[in-house]
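# Structural description and commentary
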Amino acid sequence: MNRYRLLHSTDFVYDGPVSESYNEVRLRPMHDERQSCLSFRLTTNPNSRGTAYRDAHGNWVHQFNVLAEHQRLRVEAESVVLTHDPGEPPADGTTLGDYDLQSNQLDEEYFDFMAPTAYVPHLALLKEIIGDGEKKSRGTVAGFAQAASDIIHERFRYVKGATHVHSSIEDSLTLGAGVCQDFAHLLLGVVRMRGLPGRYVSGYLVPGSAASPDAKQEDVIGGQASHAWAEVLIPNAGWTALDPTLGKPVGLRHVRVAYGRDYGDVAPVRGVYKGHAGQSLSVDVRVRPAIDDNGREQLSEITAGSLSPPSVVERAQQPAQQQQQQQQQQQQQQLD
């Protein structure tokens, strides 16, 4: 079944008392024609009351404050999501040459998804992938996007811990390795330099059946459930999802949570707190079918465990002196 129950828990444990913790999270799955968010509940311990709004990319953002002293903060998001079969995307044979003649019309509307960012700079090292992608594209825009995703999947190794929380695509290009966040950023760099709008997608990859021949590979690549991929705007076909990490089509087991220019726009949890205590961070993601094939409630769970290092990084708090230079990369910052 393609109905899933998701439990995403984040725990901050402090060495001493802290207070005035102000936080925002992007944890509510999307609700649109491709998936339905049937329920969502956000809880914190200590308890808090929050507000919610949609950001510039349409993502749900929940804000909450914990003002009293505390030595532990737990943020738990529970969702039930139904993913829908999108069917075959509209066929598009727009050639790269024809696209180039009209691509300047997209510059203003999709500027944010075409411009370089801190995570996705436009680098000369990407030109080789662009050139090889064009050769394998059969001359079409859709073919180029798919070829670029395939090349990244084939040439770069998935290695946990190969990159760090401040990594841009330059690190992955140098190492020839990374995690799903890096692979999504690489694909965005390639398509954007070629003039195609691309956006980052954060979400979850529901693990496959243990009986599946791909189960062992997915345990390595997506076993932590949190996942990232990219979408490319294809003429006449719209936003088209590609997963350069998994190397297979994006389907019913991909659950979308947020869109952005890069990871910096979609961090699951970020905030600030007041105090001098150090802290430790752990994340637990659990995914299970909401019902089985016979319509009964499914009780067994698939757990991602504590993430160290996570495939889509949830970053710990940083000392106050690093606050300004790391503003885009932080999740929680320590205030004096």
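For the structure itself, look to the data block above.
Thresholds applied
- Residues numbered from 1 in each chain as written.
- Predicted model: local features only at pLDDT ≥ 70, side-chain atom pairs only at ≥ 80, totals over all residues.
- Heavy atoms only, no water.
- Pairing = 2+ DSSP bridges.
- Helix = DSSP H or I, 4+ residues; strand = E, 2+ residues; numbered from the N terminus.
- Buried < 20%, exposed > 50% of the residue type's maximum accessible area, 1.4 Å probe, protein only.
- Polar contact = N/O pair within 3.5 Å; in protein donor to acceptor, adjacent residues only side chain to side chain.
- Expected span 1.5 Å × (residues − 1).
- Axes fitted to C-alpha atoms, helices over the stretch in contact; angles between N-to-C directions.
- Contact = heavy atoms within 4.5 Å.
- Salt bridge = Lys/Arg side-chain N within 4 Å of Asp/Glu carboxyl O.
- Core = buried A, V, L, I, M, F, W, Y, C linked by side-chain atoms within 4.5 Å.
- Parallel < 35°, antiparallel > 145°, perpendicular 65-115°, else oblique.
- Left-handed = near helix turned anticlockwise from the far one by under 90°.
- Nonpolar A, V, L, I, M, F, W, Y, C, P; charged D, E, K, R; others polar.

### A look at the pairing of strand β10 (residues 238-242)
Note: strand β9 (residues 226-234) against β10, five bridges, orientation antiparallel. Counted as the bridge partner of L233 is W239 from β10. Linking β9 to β10, which pair antiparallel, is a turn of three residues; within it N236 sits at a positive phi near 70°.

### Let's talk about the side chain of N23
Secondary-structure assignment places N23 in strand β1 (residues 3-25). Looking at N23, the relative accessible area reads 4%, which means it is buried. Engagement of the side chain of N23 in a polar contact is seen with the side chain of S21, the distance being 2.7 Å.

### Considerations on helix α5 (residues 180-193)
The end-to-end C-alpha distance of α5, which contains 14 residues, comes to 20 Å, matching closely the 20 Å that a straight helix rising 1.5 Å per residue would cover. With respect to burial, α5 is a largely interior element, 13 of its 14 residues being buried. G195 sits one or two positions beyond α5 and adopts a positive phi of about 95°.

### Some details on the sheet that holds β9
Hydrogen bonds along the backbone pair up the strands of a sheet, which may run parallel or antiparallel. Read from one edge to the other, the open sheet built from four strands follows the order β10-β9-β8-β11, with strand pairing classed as antiparallel. Where the open sheet ends on each side, the last strands, each with one partner, are β10 and β11 (254-260). Going from strand to strand, the sheet's axes swing by 35° on average, the running direction of each strand aside. Pairing between strand β8 (residues 198-205) and β11: six bridges, direction antiparallel. Residue pairing across strands places V201 opposite Y259, the latter belonging to β11. Across the sheet, helix α3 (residues 141-155) is in contact with β9 and β10; its angle to β9 comes to roughly 155°.

### Focus on the pattern of salt bridges
Inspection of every chain in the model, using the stated rule, returns 17 salt bridges. E128 is the partner of R155 in a salt bridge, and the nearest nitrogen-oxygen pair spans 3.8 Å. In this pair, R155 sits in helix α3 while E128 sits in helix α2 (residues 127-136), placing the two residues 27 residues apart along the sequence. Classification of R155 by relative accessible area gives partly exposed; the value is 39%. Within this structure, D11, R72, R74 and E76 form a network of salt bridges that share partners.

### Here's the deal with the side chain of S149
Along the chain, the position of S149 falls in helix α3. On the accessibility criterion, S149 (3% relative accessible area) is buried.

### Quick word on the pairing of strand β4 (residues 60-66)
Pairing geometry for β1 and β4, over five bridges, is antiparallel. By the bridge assignment, V25 is partnered in β4 with H62. In terms of strand pairing, strand β3 (residues 50-54) meets β4 through five bridges, oriented antiparallel. Each bridged residue has a counterpart across the sheet, and for G50 the counterpart in β4 is F64. Counting the residues that bridge the hairpin from β3 to β4 gives five residues, and of these G58 lies at a positive phi of roughly 85°.

### Quick word on the nonpolar core
Formed by 68 residues in total, the largest nonpolar core has its most connected members in L186 and V190. No other element matches the eight residues that α5 contributes to this core.

### A few points about the packing of α2 against α3
The geometry of α2 relative to α3 is characterised by a closest axis approach of 8 Å and an angle of 125° between their N-to-C directions. The angle between α2 and α3 falls in the class oblique. Here α2 runs over α3; the crossing is right-handed. Residues E128, I129, I130, D132, G133, E134 and K136 of α2 lie in contact with α3, whose contacting residues are F144, A147, I151, E154 and R155. A per-class count over the contact of α2 with α3 returns five nonpolar, one polar and six charged.

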